[in-house]
Amino acid sequence: MIKVERYTEQYKKIWNFFVDDSNNATFLLNRAYLDYHKSKFQDHSLLFYKNNTLVAVLPASEHGVEVRSHGGLTYGGIIFSTQMNIPLLIEIILEAARYYLDHGFKTLLYKEIPLIYHAHPSGEEAYVLFRANAKLISRSPSSFIALSEYQFPNKKLGGVRKAIKNGLNVKIEGLSASVMNLVDANLKMRYKISAVHSVEEMELLSGSFPKNIKIFNLYSKDSNLIGGAVIYESKMVAHAQYLVVNDLARSQRGMDLLIYTLIQFYSESKKYFDFGISSEDDGMKLNESLYKQKNEYGSYVVNYDQYIVNFKEMLMTFVKR
């Protein structure tokens with residue numbers, strides 16, 4: 001029998017301890033990261049107990065008659081330990097459906113965590129979503145590199161040598177507002193959009209998670225900031241949250257040097273390097289030029305998938321079977 005509890009501040013420590021020790025979570029599921037969204041989203045996260053032992057948590061926010069896991073994140077879903085199994089996960093998702101139905105919700109937008117973020121790649125979640133008659137509504141391709149077997153392409157090594165010859169260099173530093181301003185300006189110029197995080201928000205997050213968020217700054221020979229990267233570190237993955245160079249750095253192959261430095265830095269401590277998503281409109285539009293840039297470094301694709309689960313339909317589906 002699964003017992004469901006709605007998250008409140010009293011569960012903060014046990015939530016964070018469980019997330020830190022889970023199979024499939026990253027620091028984005030820590031309450032300090034989730035709660036920085038609380039001014040924008042109404043939280044309705046759940047904890048699941050079996051025999052008085054916490055076995056899973058579900059980060060979630062309210063959006064009318066829909067709950068999303070989570071409205072402020074790229075991924076979420078049910079967070080579980082390495083001891084999870086299919087029958088238990090089915091029990092958990094059924095109890096979540098009953099709970100949310102009782103509280104007036106009809107559907108769940110479920111953002112599955114890509115397998116590269118799992119400490120031990122686990123397919124139970126995908127199977128249970130299939131059994132729950134979940135509908136795939138978004139598939140966004142993200143380029144990644146398996147670091148243990150990676151060889152930096154010779155063509156790109158030529159770019160690294162050119163950048164070094166031009167006097168460019170990369171330093172690991174604290175957050176510089178100039179990096180985020182550079183990111184924002186680049187996004188507005190190329191894609192007519194703003195950065196997801198403001199300078200103030202990124203300063204808050206990097207201050208709260210100094211072990212998980214690192215800033216790499218790219219400098220010209222005149223010590224001017226011409227690019228940089230904001231990297232999110234999880235157990236298995238170094239994820240490029242932001243990666244940017246200006247026109248000068250681009251002409252002097254600064255991106256090659258920046259990525260080479262990142263790969264070298266994380267080659268022994270992480271299993272994967274994730275460049276991030278290269279699509280728009282829930283995956284329906286591929287940004288081919290962006291994808292090509294990442295692919296030139298020898299990357300492969302992992303998908304960030306999102307599903308819609310109709311609670312009543314799911315319960316009926318399991319009853320019929």
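You'll find the structure just up there.
Calculation notes
Residues numbered from 1 in each chain as written. Predicted model: local features only at pLDDT ≥ 70, side-chain atom pairs only at ≥ 80, totals over all residues. Heavy atoms only, no water. Pairing = 2+ DSSP bridges. Helix = DSSP H or I, 4+ residues; strand = E, 2+ residues; numbered from the N terminus. Contact = heavy atoms within 4.5 Å. Axes fitted to C-alpha atoms, helices over the stretch in contact; angles between N-to-C directions. Buried < 20%, exposed > 50% of the residue type's maximum accessible area, 1.4 Å probe, protein only. Arc of directions from axis to C-beta. Expected span 1.5 Å × (residues − 1). Core = buried A, V, L, I, M, F, W, Y, C linked by side-chain atoms within 4.5 Å. Patch = residues over 30% accessible without salt bridge, like charges linked within 9 Å, V, L, I, M, F, W, Y side chains within 5 Å. Areas by Shrake-Rupley, 256 points an atom, 1.4 Å probe, with all protein chains shown as cover. Salt bridge = Lys/Arg side-chain N within 4 Å of Asp/Glu carboxyl O. Parallel < 35°, antiparallel > 145°, perpendicular 65-115°, else oblique.

**Q** How would you sum up the sheet that holds strand S2 (residues 42-43)? Please name residues and give values.
**A** Taking strand neighbours across the sheet as the criterion, the 11 strands line up as S2-S5-S6-S8-S17-S9-S14-S13-S12-S11-S10 in an open arrangement whose pairing is mixed. At either margin of the open sheet sits one strand with a lone partner, and together these are S2 and strand S10 (169-173). As paired strands, strand S9 (residues 135-146) and strand S14 (residues 272-277) are joined by 5 bridges and run antiparallel to one another. Paired with isoleucine 145 across the strands is phenylalanine 273, a residue of S14. Against the sheet, helix H10 (residues 288-295) engages S9, S14 and strand S17 (300-310), with an angle of about 170° to S14.

**Q** Account for helix H1 (residues 12-20), naming residues and giving values.
**A** Here H1 has its buried residues at Trp15, Asn16, Phe18 and Val19. What you see down the axis of H1 is that its buried residues fit within an arc of 160°, all on one side. Facing away from the buried side of H1 by more than 90 degrees, the exposed set consists of Lys13 and Phe17.

**Q** For the pairing of strand S3 (residues 46-50), give the residues involved together with the corresponding values.
**A** Of all 5 residues in S3, 4 are buried, a share of seventy percent or more. Relative to S3, strand S1 (residues 2-6) runs antiparallel, the two being bridged by 5 bridges. Bridged to valine 4 within S3 is phenylalanine 48. The pairing of S3 with strand S4 (residues 53-58) spans 5 bridges and is antiparallel. Opposite leucine 46, over in S4, you have leucine 58 as the bridge partner.

**Q** Before we move on, can you summarise helix H9 (residues 254-266) with the specific residues and values?
**A** Counted at 1.5 Å a residue, the expected span for H9 with its 13 residues is 18 Å, and the 19 Å between its end C-alpha atoms agrees. Of all the residues in H9, the buried ones are Gly254, Asp256, Leu257, Leu258, Ile259, Leu262, Ile263 and Tyr266.

**Q** Hey, could you go over the nonpolar core for me, with residue numbers and the actual values?
**A** Grouped together as the largest cluster of nonpolar side chains are 42 residues, with contacts concentrated most on Tyr33, Val230 and Tyr232. Filtering out sequence-adjacent residues up to four positions away, valine 230 remains in contact with Val179, Met180, Met202, Ile213, Lys214, Ile215, His239, Ala240, Gln241 and Tyr242.

**Q** Can you explain the environment of proline 59? Please cite residues and give values.
**A** Position of proline 59 relative to the elements: it lies in the loop between S4 and strand S5 (61-63). Exposure remark for proline 59: the relative accessible area of 0% places this residue in the buried category. The spatial distance from the C-alpha of proline 59 to the C-alpha of aspartate 43 is 8.0 Å, given a sequence separation of 16 residues. Sequence-distant contacts of proline 59, defined by excluding residues within four places in its chain, comprise Trp15, Leu29, Leu34, Ser45, Arg68, Ser69, His70, Gly76, Gly77 and Ile79.

**Q** Break down unusual backbone geometry for me, citing the residues and quoting the values.
**A** Residue histidine 70 is reached from serine 69 by a cis peptide bond, and omega for that bond is 0°. Along the chain, the position of histidine 70 falls in the loop between strand S6 (66-69) and strand S7 (79-80). For asparagine 133, which is not glycine, the phi dihedral falls at a positive 60°. Structurally, asparagine 133 can be placed in the loop between helix H4 (124-131) and S9. Looking at asparagine 133, the relative accessible area reads 44%, which means it is partly exposed. The residue aspartate 281 is not glycine, and still its phi comes out positive at about 50°.

**Q** So what about a nonpolar patch on the surface? Which residues, and what values?
**A** A cluster of nonpolar side chains, Ile86, Tyr127 and Phe130, forms an exposed patch at the surface whose accessible area comes to about 290 Å². Relative to the assigned elements, tyrosine 127 resides in helix H4. Classification of tyrosine 127 as partly exposed rests on a relative accessible area of 33%.

**Q** A description of the pattern of salt bridges should follow, citing residues and the corresponding values.
**A** Within this structure, the stated rule accounts for 15 salt bridges. Notably, a salt bridge pairs aspartate 256 with lysine 156, separated by 3.6 Å at the nearest N-O pair. Taken together, the residues span a long stretch of sequence, with aspartate 256 in helix H9 and lysine 156 in helix H5 (residues 154-165) at a distance of 100 residues. Classification of aspartate 256 by relative accessible area gives buried; the value is 3%. A salt bridge links aspartate 256 to arginine 253, with the shortest nitrogen-to-oxygen separation between them at 2.7 Å.

**Q** Summarise the packing of H5 against H9; cite the residues concerned and give the values.
**A** Between H5 and H9, the shortest axis-to-axis distance is 7 Å and the interhelical angle comes to 105°. The angle between the axes of H5 and H9 places the two elements in the roughly perpendicular class. Between H5 and H9, the contacting residues are Lys156, Leu157, Gly159, Val160, Ala163 and Ile164 on the first element and Gly254, Asp256, Leu257 and Tyr260 on the second.

**Q** Explain the pairing of strand S11 (residues 213-219) to me, using residue names and the numbers behind them.
**A** Burial runs high along S11: 6 of the 7 residues are buried. Pairing of S11 with strand S12 (residues 225-233) involves 7 bridges; the strand directions are antiparallel. Bridging across to S12, tyrosine 219 finds its partner in leucine 225. What sits between S11 and S12 in their antiparallel hairpin is a turn of 5 residues, with serine 223 showing a positive phi close to 65°.

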